[in-house]
Amino acid sequence: MKIGTHGLLFMAALSLSSTGLRAQVRVLMIANPGVKAEAVTKKEIRSVFTGASVSLSDGERVKPVLLKEGPAQAAFASDEAEMSQVGLIVCWRNLVFSGQATMPQTFGDEPSVVSYVARTPGALGYISTATPHEGVKVLPVK
Amino acid sequence: MFRWRLLAAAALAVAGLCSAQSDVELGNLQIHGFATQALVATSHNNYLSMDSRNGSLAWTEAALNVNDQVNDRLRAGVQFHYTRLGVFGGDDISVDWALGDYALNQYFGLRAGKVKIRWGLYNDTQDYDPGYMWSLLPETMYAVDWRATDLAQMGAEAYGKVPLGEHLGTMSYSAYYGNYFYSSSDGLMESFKEEGLNFTTPPGGKTPGFDLRWAMPVSGLEVGGSLMMYNATGTLTNGTFNQPTAFWPAYYAQYDFKKFFTSGQYSKVVEYNISNIAGSGPSIDGLDQRAWFAMGGYHLTDKLEAGAYYTHLLDAGHDNSDPDNYFRDWVVSGRYDFNVNFYLKMEGHFIDGNAVGFYTFDNPSGFARRTNAGVVKLGFSF
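Residues numbered from 1 in each chain as written. Chains lettered and ligands numbered in written order. Predicted model: local features only at pLDDT ≥ 70, side-chain atom pairs only at ≥ 80, totals over all residues.

### Notes on the overall build of chain B
When helices and strands are tallied, chain B shows three helices and 19 strands. Taking 2.2 N^0.38 as the reference for a compact globule, 382 residues should give roughly 21 Å; the C-alpha atoms of chain B span a radius of gyration of 21 Å, in line with that estimate. Along the longest, intermediate and shortest principal axes, the C-alpha atoms of chain B span 60 × 45 × 40 Å. Buried positions account for 44% of the 382 residues belonging to chain B. Partitioning the intrachain contacts of chain B with sequence separation of at least 6 by distance along the chain shows that 60% fall at a separation of at least 24. (Helix = DSSP H or I, 4+ residues; strand = E, 2+ residues; numbered from the N terminus. Rg over C-alpha atoms; globule rule 2.2 N^0.38 Å. Buried ≥ 20, exposed ≤ 12 C-beta atoms within 10 Å, placed from the backbone. Contact = placed C-beta atoms within 7 Å.)

### Some points on the overall build of chain A
If you tally the helices and strands in chain A, you get five helices and five strands. Walking chain A from its N terminus toward its C terminus, one meets helices and strands in the order α-β-α-β-α-α-β-α-β-β. Relative to its 142 residues, chain A shows a buried fraction of 46%. In chain A, the proportion of contacts linking residues at least 24 apart, taken out of those at least 6 apart, comes to 71%.

### Quick word on the environment of Ala148(B)
Examined against the element boundaries, Ala148(B) turns out to sit in helix α2 (residues 147-150). The residues touching Ala148(B), leaving out its near neighbours within four places in the chain, are Ser183(B) and Asp186(B).

### What about the interface of chain A and chain B?
Counting residues at the interface gives 30 residues for chain A, matched by 37 residues for chain B. Mapped onto the side of chain A that touches chain B, the elements with two or more residues apiece are α1 (2-22) and α4 (85-97) of chain A. A per-element tally of the side of chain A that touches chain B places α4(A) first, with eight residues. Residue composition of the side of chain A that touches chain B, grouped by class: 13 nonpolar, 12 polar and five charged. (Nonpolar A, V, L, I, M, F, W, Y, C, P; charged D, E, K, R; others polar.)

### Topic: the confidence of the model for chain B
Keep in mind that low pLDDT regions are not for reading the predicted coordinates in detail. Residues and elements named next belong to chain B. On average, residues of chain B score 90 in pLDDT, and 93% of them reach the 70 mark or higher. Note that pLDDT drops below 50 for residues 12-22; the model gives that stretch 23 contacts with residues more than four away or on any other chain. Overall fold confidence for the complex sits at a pTM of 0.85, while the interface term, ipTM, reaches 0.87. (pLDDT = per-residue confidence, 0-100.)

### Structural notes on the environment of Asp329(B)
Residues and elements named next belong to chain B. Mapping Asp-329 onto the fold places it in strand β17 (residues 326-337). C-alpha of Asp-329 to C-alpha of Tyr-309: the two residues are 20 residues apart in sequence and 8.1 Å apart in space. Setting aside residues no more than four positions away along its own chain, Asp-329 makes contact with Glu-139, Thr-311, His-349, Phe-350 and Ile-351.

### Remarks on the pairing of strand β18 (residues 342-352) of chain B
All names here are of chain B. Where burial is concerned, the two faces of β18 differ: the one with Tyr-343, Lys-345, Glu-347, His-349 and Ile-351 is buried and the one with Phe-342, Leu-344, Met-346, Gly-348, Phe-350 and Asp-352 is not. Where β17 and β18 come together, 10 bridges link them in antiparallel fashion. Within the sheet, the bridge partner assigned to Tyr-336 lies in β18 and is Leu-344. What sits between the antiparallel neighbours β17 and β18 is a turn of four residues. Both β18 and strand β19 (residues 370-381) contribute to a ladder of 11 bridges, which runs antiparallel. Each residue of the ladder has a partner; that of Asp-352, found in β19, is Arg-370. (Pairing = 2+ DSSP bridges.)

### Considering the pairing of strand β2 (residues 29-42) of chain B
Sheet topology note: the β2(B)/strand β3 (residues 56-69) of chain B ladder contains 11 bridges and is antiparallel. For Phe34(B), the partnering residue across the bridge sits in β3(B) and is Ala63(B).

In structure tokens form, the structure reads like this:
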């Protein structure tokens, strides 16, 4: 029983330390220049990035692009999608493992996200504000 | 048996580790999988066909799927599933789903093949363990020892989403029709066997149904209802079996926002099993089961989630003071995600009654009314 309690405390400490890192990062929503929308709402972000919808509220079809892990992914999940980092991935995996969808394109680094969004019609992604993002459209969050 | 379990777990572990923490992609092909291993210990009764009073490791699950997104509208995929739960499941790897999916637009799509059944909040995702916090979903409606029968149908499903406007939310629908067969190796067949019904081949029938759910304008709030209908015919070693169409509705609501979630569901089913045994004439066995659950959870940190639920089932057609005719379960649970691939679950159950999940063959001295259970699960998914 003592091992269990210590283990839980250790895991909680690890989790809190990762939360501290996340607080320093802010994210930008980026889209392929062909996307017509000039801004997105948090509701639209949550809907598209959890697989609940394939389009923005004006009906325009978009393709979400995910980061695997890291501070930008954690900040996006918490601040924009309003859920945990793991929760965001689990949403998609629930769709995949029940035979309802495929996973969105997922990248391990932010430059790859910028490059993919720039060349893929309808792509919608997120990066940290410090990442260079030429060739994509920045969408303010309303 | 052990060889298959080891091979399945090892294959998926290697695939998971090689995937650099995420999915495997080969051109348009995506490959995903998961594996879990549980330790279950109980007081008083053995549970779910395991030798759980002595602590049992006899619960292993794994799955592997391949999807090909041919173009924006057309997708094809298949998922293989391995389950060993006590004496149920087995060495064979089953096809969990295998389908073609054509999404015309967001309003209408069509899936055909072996398709998961959308019923209530969790039927179509209940065999994907990494998808939820609990080690065991409410046994009253998502019986882990019966799910080989209820999960999928061989036929077609129409599905879609209809936006109702900015202030009214979105309506999602699923309507399906197909054939299904009882699994030859799960708790449902074992229950028939303990009632003296031995089938030459597993019975089967038609299962039409639908699900309608409304994502309300309040972010994270969803309400809905499902209706699964099913009938079955089969051949007994000494007669025939007939199950007229039964109606199994479920009504549910869930609220999922930021670190908090809560959900609840109510269902009712009236079912008649007519067996015609040679020499003794027809006999009718009926049940009138009502069940519900309420659950909630909270992310204490980004990686640590805790929650609790209560579920209750009773057979209204029989004596409700008899523990054989009811099941109540208080559950406390926790889940820790080491990263997006690996996780650990711990769960405690405080059970009163034995209407579901308990079997005579591994409780030969009879059932105690109360059972406490502890479950620890380690799993990974990619």
